[in-house]
Amino acid sequence: MHASFPLPARRLDALPVLIGLFCLIWASAFAVAKVALADCPPLLLLSGRFLLAGGAILAACALLLPRDGFTRLGARDVAALALMGILNNACYLGLSYVGMTHVSSGFTAVVISANPLLTALIAAPLLGERLTPRKLLGLFMGMAGVALVVRSRIASGHEDPVGVLYVLAALVTLSAATLLFKRVRTPASLFVGSGIQSLAGGLALLPVALWREDLADIHLTPSLGIAFAYLTFAGSVGAFSLWFFILGRTSATRASALHFLMPPLGLLFGWLLLGEKVPPLDLVGIIPIALGIRLVTTGSERAGAQKR
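All values derive from a computational prediction rather than experimental measurement.

A. Structural view of the packing of aromatic side chains. All chains considered together, the criterion is met by one aromatic pair. When the ring of Trp-26 is compared with that of Phe-30, the centres are 4.7 Å apart and the planes differ by 75 degrees; the resulting orientation is edge-to-face. Taken together, the residues span about one helical turn, with Trp-26 and Phe-30 both in helix α1 (residues 7–37) at a distance of four residues. The residues Trp-26 and Phe-30 share a single accessibility class, namely buried.

B. Spotlight on helix α11 (residues 262–274). Taking 1.5 Å per residue as the helical rise, α11 with its 13 residues ought to reach 18 Å, and the 17 Å between its terminal C-alpha atoms agrees with that figure. Every buried residue belonging to α11 is among Met-262, Pro-263, Leu-265, Gly-266, Leu-267, Phe-269 and Gly-270, and all of these are buried. Once α11 finishes, Gly-275 follows within two positions and takes phi at roughly 70 degrees, a positive value.

C. Expanded view of the environment of Ala-120. By the element assignment, Ala-120 lies in helix α6 (residues 115–127). Along the chain, Ala-120 and Val-296 lie 176 residues apart, while their C-alpha atoms are 7.1 Å from each other.

D. Up close: the side chain of Glu-159. Along the chain, the position of Glu-159 falls in the loop between α7 (133–155) and α8 (161–183). A distance of 2.3 Å separates a polar atom in the side chain of Glu-159 from a polar atom in the side chain of Arg-153. Contacts of Glu-159, omitting those with residues within four sequence positions, involve His-102, Val-103, Ser-104, Phe-107, Arg-153, Ile-154 and Val-164.

E. A look at the pattern of salt bridges. Counted according to the given criterion, the structure contains two salt bridges. Two residues, Glu-159 and Arg-153, come together in a salt bridge whose shortest N-O distance is 2.3 Å. For the residue pair Glu-159 and Arg-153, the accessibility class agrees, reading buried in each case. One salt bridge in this structure joins Arg-153 and Asp-282, with 2.3 Å as the shortest N-O distance. On the criterion of sequence distance, the pair formed by Arg-153 in helix α7 and Asp-282 in helix α12 (residues 280–307) is long-range, its members being 129 residues apart. Note on Arg-153: relative accessible area 2%, which makes it buried. Via salt bridges that share partners, Arg-153, Glu-159 and Asp-282 belong to a single interconnected network.

Calculation criteria
- Residues numbered from 1 in each chain as written.
- Predicted model: local features only at pLDDT ≥ 70, side-chain atom pairs only at ≥ 80, totals over all residues.
- Heavy atoms only, no water.
- Phe/Tyr/Trp six-rings, centres within 6.5 Å; stacked < 30°, edge-to-face > 60°.
- Helix = DSSP H or I, 4+ residues; strand = E, 2+ residues; numbered from the N terminus.
- Buried < 20%, exposed > 50% of the residue type's maximum accessible area, 1.4 Å probe, protein only.
- Expected span 1.5 Å × (residues − 1).
- Polar contact = N/O pair within 3.5 Å; in protein donor to acceptor, adjacent residues only side chain to side chain.
- Contact = heavy atoms within 4.5 Å.
- Salt bridge = Lys/Arg side-chain N within 4 Å of Asp/Glu carboxyl O.

Written as structure tokens, this is what we have:
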């Protein structure tokens, strides 16, 4: 039966489609978040999003998955998942959203899209993923493009340097979370793991949000409701589950195979939804970023194909 239906190969072929879908949701979420931030402080927005998403995922898992999906998890497994959730959700998105109160959504998307570049650089010593000349060229091109965009935005006064620092810190934590996921293995299913991570991120952010932000600053508008629903169910439930699914089936850098689409997509959604201006140097800078990401995330696959 298994010989007649080559399921693993079919799953592998579907990866570019799944990654492309993830890119669309991921890139659009920055502009949608900016809409929500007009009516809600960033940490309160995120803590509510993560608590709802985590609760919904775990409730669905409890109803639909076998009972041992929870009981086989030890305290160490839960702690590892919680740590990844704090990095992926509380730290990465917390820093991103606070940063976006000072900078544009398109700029944030462009900088965060450099995740595969930074991941590839750190994955070489930590995960043993080889840094080929192709990857090194991609890293140089991508980082040069990011530097060009950052310098252009700050010099022209389009972005607040404080917000830029928050977004750069978010990039570092996202890369750390990506690498941690590849090093830590737990018996948790995809959705149980996603639920625990979302819940952990919400629980970690909630006391900080209540301490730093005022509930009276939340304005219950239709735009906030629509944005919150999109960020929670398309972003936290859909995109993060999709991302962990992809990461579990490919290398840390190959998982970002279509990330080269994210810089232009991020700028596009910011322009379409928010009317954000796109300086000419952004269009120049995203070219080496996109090419660099493409070189970094496709080098391993081509090398492997030549060896076979």
